[in-house]
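The primary structure of each chain is shown beneath.
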Protein chains: 2
Amino acid sequence: MNVEQIIKTGKKIPLESRTIIHFMLVNNKINESISNALKPFDVSLQQFNVLRILKGQNGKPANLSTLNERMVTKMSNTTRLVDKLILKGFVDRIICPSNRRKVEINLTAVGQKELAKMSATMKKVEKSILKKISKQELEQLNNLFNKF
Amino acid sequence: MNVEQIIKTGKKIPLESRTIIHFMLVNNKINESISNALKPFDVSLQQFNVLRILKGQNGKPANLSTLNERMVTKMSNTTRLVDKLILKGFVDRIICPSNRRKVEINLTAVGQKELAKMSATMKKVEKSILKKISKQELEQLNNLFNKF
DNA sequence: GGTATACATTTGTATATACAATTGTTGTAA
DNA sequence: TTACAACAATTGTATATACAAATGTATACC
């Protein structure tokens, strides 16, 4: 992936700017791969993320603020994200009995089943995205990311 | 930046998934910094990118497809992006005399002046984003990004 | 108990983006 | 020269996201 070639510029870009731009280009590519992979399941990356968090709850229901806290990309509107998952039958939402301000969100059986399929697909996509990168380099990347 | 801590999960994440998630977290952080920095100028990152491309043209006008080709994040609707820049007085758009299907987009004097200010701000933001990262590590990052 | 404050979510509204269909223009081949 | 395909941009529409205001509920203080 050559930055200058992709954004079709002749002049060379300062190392700092180049790194940021390069970062964004890789990000675009990753996002595209992932959302393509999720398209057949009719969920966005954000929605997948919510389902995954709910699975991590092991049956314990989550409320909106918990979801928001744990999401990779925090959104300003988790309510409507959940709305869409409800519409698809992947989760259900009830008002929390002990505190009626809160809601309890749970994976449905369908949601669990679909999530399992999505996760398998995601594993493949991750492998394909990272196929040219060694374990050692992955560690290296994680260490570098720590410095941001 | 500790991934597990940020997304508040107890279990450890497989290295591949962790890298992707880590990547997204860094991306969010970068985007936030940049859009905050651009907010005073009332432009989005995409709009800034278009202005920068136009500057790179050195007075030569660009048409929409050229812009699209050179944008870091390709958009499905560059027309309306340009509309917004016109509204702000940063660029103008005329129909290309030699081929009336095309348009010619140019930086205005105001656009040039504002872009200079934005660029100065962006330089600072980049420095601040990358302040903990050495030149050598930047090279390393760029090399790793090449493998995506 | 009544009132103010903080909390958790939802709703309204504006803006951004994606995708497809449409418009207008040019080039080309019968 | 006309009909058709390719091109470049625009428009319509649906969906996504951001931000602020509003709703409803619980808690704390007097």
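Details of the structure are given in the entry above.
Read on for a plain summary of the structure.

What follows is about the protein's contact with DNA strand C. Taken together, 19 residues lie near DNA strand C, and A:Ser65, A:Thr79, A:Arg80, B:Ser76 and B:Arg100 sit nearest. Sugar plus phosphate, as a fraction of atoms of DNA strand C within 4 Å of the protein: 65%. Put simply, the parts of the chain that give the surface near DNA strand C at least two residues each are α4 (64-70) and α5 (78-87) of chain A together with α5 (78-87) of chain B. Across the surface near DNA strand C, the residue classes break down as 3 nonpolar, 7 polar and 9 charged.

To continue, consider the relation of the copies chain B and chain A. At an RMSD of 0.0 Å, chain B and chain A line up after a rotation of 180 degrees and a shift of 0.0 Å along the axis. Taken together, the rotation angle and the small translation identify this as a two-fold axis. Of the residues that chain B buries at the interface, 98% are likewise interface residues in chain A, meaning the two copies contact each other through the same surface.

On to the protein's contact with DNA strand D, then. In the neighbourhood of DNA strand D, 19 residues make up the surrounding shell, with A:Ser76, A:Arg100, B:Ser65, B:Thr79 and B:Arg80 lying closest. Counting only atoms of DNA strand D within 4 Å of the protein, the fraction found in sugar and phosphate groups is 63%. One of the side-chain N or O atoms of A:Ser76 is found 3.4 Å from a base nitrogen in DNA strand D. Contact between DNA strand D and A:Lys84: a phosphate oxygen at 3.5 Å from a side-chain N or O atom of the residue. Contributing elements (two or more residues each) for the surface near DNA strand D: α5 of chain A together with α4 (64-70) and α5 of chain B. When the residues that make up the surface near DNA strand D are grouped by side-chain class, the tally is 3 nonpolar, 7 polar and 9 charged.

Turning our attention to α5(B). Residue and element names in this part refer to chain B. Those residues of α5 that sit buried are Thr78, Leu81, Val82 and Leu85. The arc that holds every buried residue of α5, seen down its axis, measures 95 degrees, which confines them to one face. Away from the buried face of α5 by more than 90 degrees, exposed residues Arg80 and Leu87 are located. In this fold, the buried residues of α5 make contact with α3 (45-56), α4, β1 (91-95) and β2 (103-107). Directly beyond the C-terminal end of α5, a positive phi value near 80 degrees is found at Gly89.

The backbone of A:Asn58 shows a phi angle near 50 degrees, a positive value even though the residue is not glycine. Structurally, A:Asn58 is set in the loop between α3 (45-56) and α4.

Let's shift gears to the pattern of salt bridges. This model, assessed by the stated rule, comprises 12 salt bridges over all chains. Measuring nitrogen to oxygen at the nearest pair gives 2.5 Å for the salt bridge that ties B:Lys147 to A:Glu137. Remark: A:Glu137 occurs in helix α7 (residues 135-145) and B:Lys147 occurs in the segment after α7 (135-145); the pair is interchain, linking two chains. In this structure B:Lys147 comes out as partly exposed when scored by relative accessible area, which is 30%.

All names here are of chain A. Looking at the element boundaries, Ile34 is found in helix α2 (residues 15-38). Its relative accessible area of 2% is what places Ile34 among the buried residues. The spatial distance from the C-alpha of Ile34 to the C-alpha of Met122 is 7.3 Å, given a sequence separation of 88 residues.

Parameters at a glance
- Residues numbered from 1 in each chain as written.
- Chains lettered and ligands numbered in written order.
- Predicted model: local features only at pLDDT ≥ 70, side-chain atom pairs only at ≥ 80, totals over all residues.
- Heavy atoms only, no water.
- Near = heavy atom within 4 Å.
- Helix = DSSP H or I, 4+ residues; strand = E, 2+ residues; numbered from the N terminus.
- Nonpolar A, V, L, I, M, F, W, Y, C, P; charged D, E, K, R; others polar.
- Least-squares fit on C-alpha atoms with pLDDT ≥ 70 in both.
- Contact = heavy atoms within 4.5 Å.
- Polar contact = N/O pair within 3.5 Å; in protein donor to acceptor, adjacent residues only side chain to side chain.
- Buried < 20%, exposed > 50% of the residue type's maximum accessible area, 1.4 Å probe, protein only.
- Arc of directions from axis to C-beta.
- Salt bridge = Lys/Arg side-chain N within 4 Å of Asp/Glu carboxyl O.

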